[in-house]
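If you want the building blocks of each chain, they are given just below.
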Amino acid sequence: MKWLDAVRKFVAAEDGPTAVEYAVMLALIVIVCLAAISSLGTATRDTFQNVTNAISSTGN
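Every value quoted in this text rests on a predicted model; they were computed, and no experiment measured them. (Residues numbered from 1 in each chain as written. Predicted model: local features only at pLDDT ≥ 70, side-chain atom pairs only at ≥ 80, totals over all residues. Heavy atoms only, no water.)

Q: I'd like a description of the overall build of the protein, backed by residues and values.
A: When you go through the protein residue by residue, the secondary structure sums to two helices and zero strands. Along the three orthogonal principal directions, the C-alpha set of the protein runs to about 80 × 20 × 5 Å. Across the 60 residues in the protein, those meeting the buried criterion constitute 2%. As displayed, the protein has an accessible area near 5500 Å², and 70% of this comes from carbon and sulfur atoms. Of the charged side chains in the protein, 4 are positive and 5 negative; the average position of the first set lies 11 Å away from that of the second. (Helix = DSSP H or I, 4+ residues; strand = E, 2+ residues; numbered from the N terminus. Buried < 20%, exposed > 50% of the residue type's maximum accessible area, 1.4 Å probe, protein only. Areas by Shrake-Rupley, 256 points an atom, 1.4 Å probe, with all protein chains shown as cover. Lys, Arg positive; Asp, Glu negative; His and termini not counted. Charge placed at Lys NZ, Arg CZ, Asp CG, Glu CD.)

Pasting the structure below:
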């Protein structure tokens with residue numbers, strides 16, 4: 001019963017929605033960071049592959 005009362009107080013309190021808003025913002029920031037890191041990693045891999053191909057074709 002105490003657990004249920006604690007949940008009711010949390011939902012009724014003004015801090016609950018604020019915490020949820022911060023959690024949503026944090027999740028969006030993490031998603032954007034992961035997308036940026038993935039994109040940067042792909043671009044870096046492509047650049048190194050181009051350099052490798054250029055070096056290989058020059059050596060022949």
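Q: So what about the pattern of salt bridges? Which residues, and what values?
A: If you walk through the whole model with that rule in mind, you get two salt bridges. In this structure, Arg 45 and Asp 46 form a salt bridge, with 3.5 Å as the shortest nitrogen-oxygen distance. Residue classification places Arg 45 among the exposed positions, given a relative accessible area of 54%. Of the residues examined, Asp 46 reaches a relative accessible area of 37% and is grouped as partly exposed. (Salt bridge = Lys/Arg side-chain N within 4 Å of Asp/Glu carboxyl O.)

Q: A description of a nonpolar patch on the surface should follow, citing residues and the corresponding values.
A: Residues Met 1, Trp 3, Leu 4, Val 7, Phe 10 and Val 11 make up a contiguous nonpolar surface patch of about 710 Å² in total accessible area. Within the element layout of this structure, Phe 10 appears in helix α1 (residues 2-12). (Patch = residues over 30% accessible without salt bridge, like charges linked within 9 Å, V, L, I, M, F, W, Y side chains within 5 Å.)

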